[in-house]
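# Structural characterization, general
Below, each chain spelled out in residue letters.
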Amino acid sequence: MATATAQSRRDVKEFTYLWEGVDRNNRQVRGESRAASETVVTTNLRRQGVRIVKIKRQSFRGGRAVGEKDITFFTRQLATMLKAGVPLLQSFEIIARGHSNPRFSRLMLEVKNKIETGSSMSQAFREHPKHFDALFCNLVAAGETSGMLDAILDRIATYKEKILAIKSKIKSALFYPISVVTVAIVVVWVIMVWVIPSFKKVFSSFGADLPAPTLIVMAISEFVVKWWWLGALIMVGTVVGFLFMLRRSAAFRLGFDRFILRVPIIGPILRKATIARWTRTLQTMFAAGVPLVESLDAVAGAAGNALYAAGTKKIQTEVSTGTSLTNAMANTELFPTMVLQMTQIGEESGSLDNMLGKIAEYFEREVDDAVAALSSLLEPIIIVFLGVVIGGLVVAMYLPIFKLGSVV
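Quick look at the structure, then. (Residues numbered from 1 in each chain as written. Predicted model: local features only at pLDDT ≥ 70, side-chain atom pairs only at ≥ 80, totals over all residues. Heavy atoms only, no water.)

### Re the packing of aromatic side chains
- Inspection of every chain in the model, using the stated rule, returns 16 aromatic pairs.
- Seen from their ring centres, Phe242 and Phe252 are 5.8 Å apart, and the 75 degrees between their planes marks the pair as edge-to-face. Of this pair, Phe242 sits in helix α9 (residues 212-248) while Phe252 is found in helix α10 (residues 250-260), placing the two residues 10 residues apart along the sequence.
- On the numbers, 5.6 Å between centres and 85 degrees between planes, the contact of Tyr308 with Phe335 is edge-to-face. Placement of the pair is Tyr308 in helix α13 (residues 306-320) and Phe335 in the loop between α14 (325-332) and α15 (337-349), with a sequence separation of 27 residues.
- Judged by relative accessible area, which is 1%, Tyr308 ranks as buried.
- Three or more aromatic residues joined by ring pairs make a cluster, and in this case those are Phe74, Phe92, Phe104, Phe125, Phe132 and Phe136. (Phe/Tyr/Trp six-rings, centres within 6.5 Å; stacked < 30°, edge-to-face > 60°. Helix = DSSP H or I, 4+ residues; strand = E, 2+ residues; numbered from the N terminus. Buried < 20%, exposed > 50% of the residue type's maximum accessible area, 1.4 Å probe, protein only.)

Next comes the structure, spelled out in structure tokens:
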């Protein structure tokens, strides 16, 4: 019965109230309290001799979605505070109050409340799998067990910062060409729908044969004007269908990830980024004291590529039956010789985590260099592409005018 009563108390939803009042000495006091209702707060403060003047429930509604950058920043903050000797619950309170995103503040307070009611921090995190994945929770659990939570959180923060840096560099390299191509498509569509039909009316009064390039462009314009809705429908349907299959079909995701790694220029960069993430994740787990087989389970989920995730599951199965990590990695044929040799040296010397970290650093530098080279390569290609497409349309529409000028 007592257990059920305690459980029911933990299940009661509490809110945060900001209050102002006057104490027994007629001094102005203010603060905040967590309770199920405003009445509970007022009653508790009255028992302490505080007469409430103003009370308001604090709302954490609205705000943007909590992203990976928010979680990374939180991890770094929490690690720093714990190293400085700030109590755990107070650290959560400080981080929640100091963040500008209400959704993030609400998330932090929910985790804090779970810890207050007796849950471990890893258990509290596991109730929010959208924000804290299995890798994060397993590492936190290892830190709680070993009594090195601040050091583990520091490792997690460093890991997340490096992974975010790789993603950011790849996104920044692809943002410029994608944005330019998108603007070019919009410009061409405007020319086809509004500009070329105006030229067509002018050319109809010439009474002369038009050049072949002009006729081709005008025919394309007529098709676009007549069937633009069909083209838009096909494009939207293709994107929606692709995203649906990517999320729902494991076979489709595996085939797409295998294909994208074979695409010239982009494929090698993504492969290097995946290997960097794979080795960095395994190094972080192994250095935290997590057994190798369990570490590989988390690495599979954090690989970011279905092909490497499937390969990691195969490695995990072979390692659990006694195969060395190096041989299991070699059997997947997903890792270059340099990675296998360095992994073997790490296994033989007993410094696997250190060697995996060196591999990750090497491939992170390789990604940096490849992204810089990609940016330099794409700029002239994009300029030539725009010149051919936009310039070709302009020349095709002005050819009849040039021809008329030469006749006159």
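### Focus on the packing of helix α8 (residues 149-203) against helix α11 (residues 266-287)
- Two elements in contact, α8 and α11, have axes separated by 10 Å at closest approach and are oriented at 175 degrees. For the element pair α8 / α11, the angle class is roughly antiparallel. Within the contact between the two elements, α8 uses Arg155, Tyr159, Lys162, Ile163, Ile166, Lys167, Ile170 and Leu174 and α11 uses Ile266, Ile269, Leu270, Ala273, Ala276, Arg277, Arg280, Thr281, Gln283, Thr284 and Ala287.
- Of the residues contributing to the contact of α8 with α11, the split by class is 11 nonpolar, three polar and five charged. (Axes fitted to C-alpha atoms, helices over the stretch in contact; angles between N-to-C directions. Parallel < 35°, antiparallel > 145°, perpendicular 65-115°, else oblique. Contact = heavy atoms within 4.5 Å. Nonpolar A, V, L, I, M, F, W, Y, C, P; charged D, E, K, R; others polar.)

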